Amino acid sequence: MKDQGRSARKRTGGRLKHASNKKRHQLGREPAETTVGETRLQYIDARGTDKKVRALSTNVAQVAEGGEVSEAEIENVVDNPANVNYARRNIITKGAVIETSAGRARVTSRPGQTGQVNAVLLD
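Residues numbered from 1 in each chain as written. Predicted model: local features only at pLDDT ≥ 70, side-chain atom pairs only at ≥ 80, totals over all residues. Heavy atoms only, no water.

A. A look at the overall build of the protein chain. In terms of helices and strands, the protein chain carries two helices and nine strands. Going from N to C terminus, the protein chain has its helices and strands arranged as β-β-β-β-β-α-β-β-β-α-β. Counting only C-alpha atoms, the protein chain reaches 60 × 35 × 25 Å along its principal axes. Counting all 123 residues of the protein chain, 27% fall into the buried class. Taken as a whole, the protein chain presents about 8,800 Å² of accessible surface, with 45% of it coming from carbon and sulfur. The averaged location of the 14 negative side-chain charges in the protein chain is 21 Å from the averaged location of its 22 positive side-chain charges. (Helix = DSSP H or I, 4+ residues; strand = E, 2+ residues; numbered from the N terminus. Buried < 20%, exposed > 50% of the residue type's maximum accessible area, 1.4 Å probe, protein only. Areas by Shrake-Rupley, 256 points an atom, 1.4 Å probe, with all protein chains shown as cover. Lys, Arg positive; Asp, Glu negative; His and termini not counted. Charge placed at Lys NZ, Arg CZ, Asp CG, Glu CD.)

B. Representation of the pattern of salt bridges in the model. The tally for this structure, following the rule as stated, stands at three salt bridges. A salt bridge links Glu33 to Arg89; its shortest N-O distance comes to 3.1 Å. With Glu33 in the segment before β1 (34-36) and Arg89 in the loop between α1 (84-88) and β6 (91-92), this pair connects stretches of sequence that are 56 residues apart. (Salt bridge = Lys/Arg side-chain N within 4 Å of Asp/Glu carboxyl O.)

C. Looking closely at the layout of surface pockets. Considering only enclosed or pocket space, the second largest pocket measures out at about 270 Å³ in volume. What lines the second largest pocket is a set of eleven residues, among which Gly5, Arg6, His18, Ser20 and Lys22 lie closest to the centre. Split by residue class, the lining of the second largest pocket holds one nonpolar, six polar and four charged. (1 Å grid on protein atoms, 1.4 Å probe; cavity = no way out; pocket = protein on both sides within 12 Å on 5 of 7 lines; lining within 4 Å. Points joined across faces, edges and corners; volume = space filled by probe spheres on them. Nonpolar A, V, L, I, M, F, W, Y, C, P; charged D, E, K, R; others polar.)

D. Highlighting the sheet that holds strand β3 (residues 51-58). Strand order in the open sheet formed by four strands is β2-β3-β1-β6, with mixed pairing between adjacent strands. Every interior strand has two partners, whereas the edge strands, β2 (40-45) and β6, have only one. Pairing geometry for β2 and β3, over six bridges, is antiparallel. Pairing of Gln42 across the sheet is with Arg54, part of β3. (Pairing = 2+ DSSP bridges.)

E. Layout of the side chain of Ser57. Relative to the assigned elements, Ser57 resides in strand β3. Under the relative-accessibility criterion, Ser57 is labelled buried at 4%. At 2.5 Å, the side chain of Ser57 and the backbone oxygen of Glu38 are in polar contact. (Polar contact = N/O pair within 3.5 Å; in protein donor to acceptor, adjacent residues only side chain to side chain.)

Take it as geometry only, folks, not as evidence of what the structure does.
The following block contains the structure:
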């Protein structure tokens, strides 16, 4: 989500003067919008010496059931509460319900931030 900064106007309608320009750590980027398909990753510089791994597309999910975690193939996105059009476009975000080879699962990770899809099977 891009940070647009604060409004240029006060509550009363008067203009505000900018105290400073944006710093590098206030940088905003477009969302990754991870899709279902062959795995494609993008590496991005994060603050400090960290790196972020963005999953641009993936077809593998780590699915947890009880205490067991197994790898499953993602078939498609069934529902995505983040955006009504994301399910139609097969975009995976946290909270999305995906159809996997192990059954339906809810995504618990943020694939655009961590580069992988973790999910929990639904009963």
